[in-house]
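As a plain string of letters, each chain reads:
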Amino acid sequence: NNKCSIYSESKSETIENTDLGSITLHVKKKGNHAELSWLLSNVSDDNGFKVMQSDQPNITFPNDHHLIIGEDSNSDIWENLTPGTHYFRVCESLSSSDCGVYSNEVELSWD
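Overview of the structure. Every residue gets a number counted from 1 within its own chain, in the order that chain's sequence is written. A pLDDT threshold of at least 70 governs which residues receive local features in this predicted model, and a stricter bar of 80 or more applies before side-chain atom pairs are shown or counted, although totals over entire chains, interfaces and linings include all residues. For the side-chain quantities, the full set of heavy atoms in the structure was used; hydrogens and water were omitted.

## Some points on the overall build of the chain
Within the chain one finds zero helices and eight strands. By definition, any uninterrupted DSSP run of H or I lasting at least four residues is a helix, any uninterrupted run of E lasting at least two residues is a strand, and each is numbered from the N terminus. When the helices and strands of the chain are placed in sequence order, the string is β-β-β-β-β-β-β-β. The burial tally for the chain puts 32% of its 111 residues in the buried class. By the convention used here, residues are in contact when the closest approach between their heavy atoms is within 4.5 Å. Taking the contacts inside the chain whose residues are at least 6 apart along the sequence as the reference set, 58% of them involve residues at least 24 apart. With residues, only the protein chains shown are counted as cover, and all accessible areas are computed by Shrake-Rupley using a 1.4 Å probe. With the model as given, the accessible surface of the chain reaches about 7,800 Å², and the carbon-plus-sulfur share is 43%. Throughout this description, buried means an accessible area under 20% of the type-specific maximum (1.4 Å probe, protein chains only), exposed means over 50%, and partly exposed covers the range between.

Take a look at the structure:
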């Protein structure tokens, strides 16, 4: 009859926002260097970014990297790359020794 006779106790729970945002990395070959640029979605640029390069995939900090700090910093140039395959990735810099959100990884090859 649309009536309840027994009720459970009331509980509440706070669910954290799990959307950490994203960084989308684009890389172009120019001679023996790579021009990198990235787009942010709900990611803080307060502490800058770490731009990483490796000859192995699945890059994580502290691989060979540049630290990019400054307002509207969304690009970098990686110069004097040797022949072979190189992987690039960017992360949100949380501190000198920690990354937040990572970008996609981009693979490029030089002859």
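## Thoughts on the environment of leucine 36
Secondary-structure assignment places leucine 36 in strand E2 (residues 33-41). Between the C-alpha atoms of leucine 36 and tryptophan 78, which are 42 residues apart in sequence, the distance is 7.7 Å. Among residues more than four places away in sequence, those in contact with leucine 36 are Leu25, His26, Val27, Val51, Asn74, Ser75, Asp76, Trp78 and Phe88.

## Some thoughts on the state of the cysteines
By definition, disulfides here are pairs of cysteine sulfur atoms that lie within 2.5 Å. One pass over the full model with this rule turns up one disulfide. Residue pairing for cysteine 91: its cysteine sulfur links by disulfide to cysteine 99, the two sulfurs lying 1.9 Å apart. Taken individually, cysteine 91 and cysteine 99 each receive the classification buried, so the pair is uniform in this respect.

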